[in-house]
Amino acid sequence: GVLRPTTVPLSSANNSPTYMVFHPTSKFLYVSNYSSLDVSAFSIDQSTGNLTKINDYTTGCGCSNLAQLRLTPDGKYLYINGNGPNNITGYSIDQTTGALSNIGNQALAGFFDDVLIDPNSTFLYSVSSTGTISGFSINSGSGAITALPSSPFSGTANNMRGAMHPSGKYLYTVNIGGAQLAKHDIASDGTLSSPSTLSFGTNLQYVSIDPTGKYGFVNSGVSANYYTFSIEQTNGSTSLITGNPFSISGVAGQLSIIR
């Protein structure tokens, strides 16, 4: 697990690269550029890990900044949140070259950070700090998104970042700057339930779910620790495990789970 540099200098993204996602095939990497309002795409050498720049792809959203981006689990589409004005920009992905083609922009109401997609690549959710979650269905043939009935759904105050349960049955959010984890049930039509909450910590930042769906992790934005919660498999309810919080060497960014 020791890290070492790849054999050539890494390719350059554009201005203020912030979030990144890997294509499910591990052949491509995509990076959101906060201030240049575009997405940088790279191919990944499967032997060396070296990156080769494919291109930069503008969102055309007219936003003041970009936030998180996600790929559909089937690897066909990429979506990214933008703010000021608020939009979701969609792209289709060439499965051979990794190149992106702009699908279009969907206007949103609120300030957004995270975008989440269910395991079947059917539904998309965008989490807003206004205490709402906007939900959309994804057209499997075109990638176009359509607002779900009753969207936006009620969330918790200042919810802004979240995670999708690997079963696709539950969605979790944290209210940054606060101390609350929220769980929403996802109905078969994509509708979200009202949140049930678990309070702990201070200035929560990100929530990550273990690939088995049994555990979740939340980091603090002000202290050198993180929190671990267990997930009840029959209903998605959460509870802190014994020993919380757990200490680390510094204030953590987002936690990633590899298993």
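Conventions we followed
- Residues numbered from 1 in each chain as written.
- Predicted model: local features only at pLDDT ≥ 70, side-chain atom pairs only at ≥ 80, totals over all residues.
- Heavy atoms only, no water.
- Pairing = 2+ DSSP bridges.
- Helix = DSSP H or I, 4+ residues; strand = E, 2+ residues; numbered from the N terminus.
- Axes fitted to C-alpha atoms, helices over the stretch in contact; angles between N-to-C directions.
- 1 Å grid on protein atoms, 1.4 Å probe; cavity = no way out; pocket = protein on both sides within 12 Å on 5 of 7 lines; lining within 4 Å.
- Points joined across faces, edges and corners; volume = space filled by probe spheres on them.
- Nonpolar A, V, L, I, M, F, W, Y, C, P; charged D, E, K, R; others polar.
- Contact = heavy atoms within 4.5 Å.
- Polar contact = N/O pair within 3.5 Å; in protein donor to acceptor, adjacent residues only side chain to side chain.

A.B. asks: I'm lost on the sheet that holds strand β17 (residues 196-199) in this one. Help?
C.D. replies: Within a sheet, adjacent strands bond to each other through the backbone by hydrogen bonds, running parallel or antiparallel. If you trace the 4 strands from one edge of the open sheet to the other, you get β14-β15-β16-β17, paired in antiparallel fashion. Because the sheet does not close on itself, it has two edges, and the strands there are β14 (159-164) and β17. When the angles between neighbouring strand axes are averaged without regard to direction, this sheet yields 25 degrees.

A.B. asks: I would appreciate a short explanation of the layout of surface pockets in the present structure.
C.D. replies: To find leftover empty space, one rolls a probe the size of a water molecule over the atoms. Considered as a void within the structure, the largest pocket measures approximately 1,200 Å³ in volume. Taken together, 32 residues line the largest pocket, and the ones lying closest to its centre are Val 21, Arg 70, Ile 209, Gln 254 and Ile 257. Contributions of two or more residues to the lining of the largest pocket are made by β1 (17-22), β5 (65-71), β9 (112-117), β14 and β18 (204-209). For the lining of the largest pocket, the residue count by class is 21 nonpolar, 8 polar and 3 charged.

A.B. asks: What is the right way to read the environment of Gln 95 from this model?
C.D. replies: Considering the arrangement of structural elements, one finds Gln 95 in the loop between β7 (87-93) and β8 (100-107). In the structure, Gln 95 is positioned 19 residues away from Lys 76 in sequence and 7.4 Å away in space, judged by C-alpha atoms. Discounting chain neighbours no more than four positions away, the residues touching Gln 95 are His 23, Phe 28, Asp 74, Gly 75 and Lys 76. At 2.8 Å, the side chain of Gln 95 and the backbone oxygen of Gly 75 are in polar contact. A distance of 2.9 Å separates a polar atom in the side chain of Gln 95 from the backbone oxygen of Ile 93.

Note that every value here comes from positions in space, so none of it alone points to a role or purpose.
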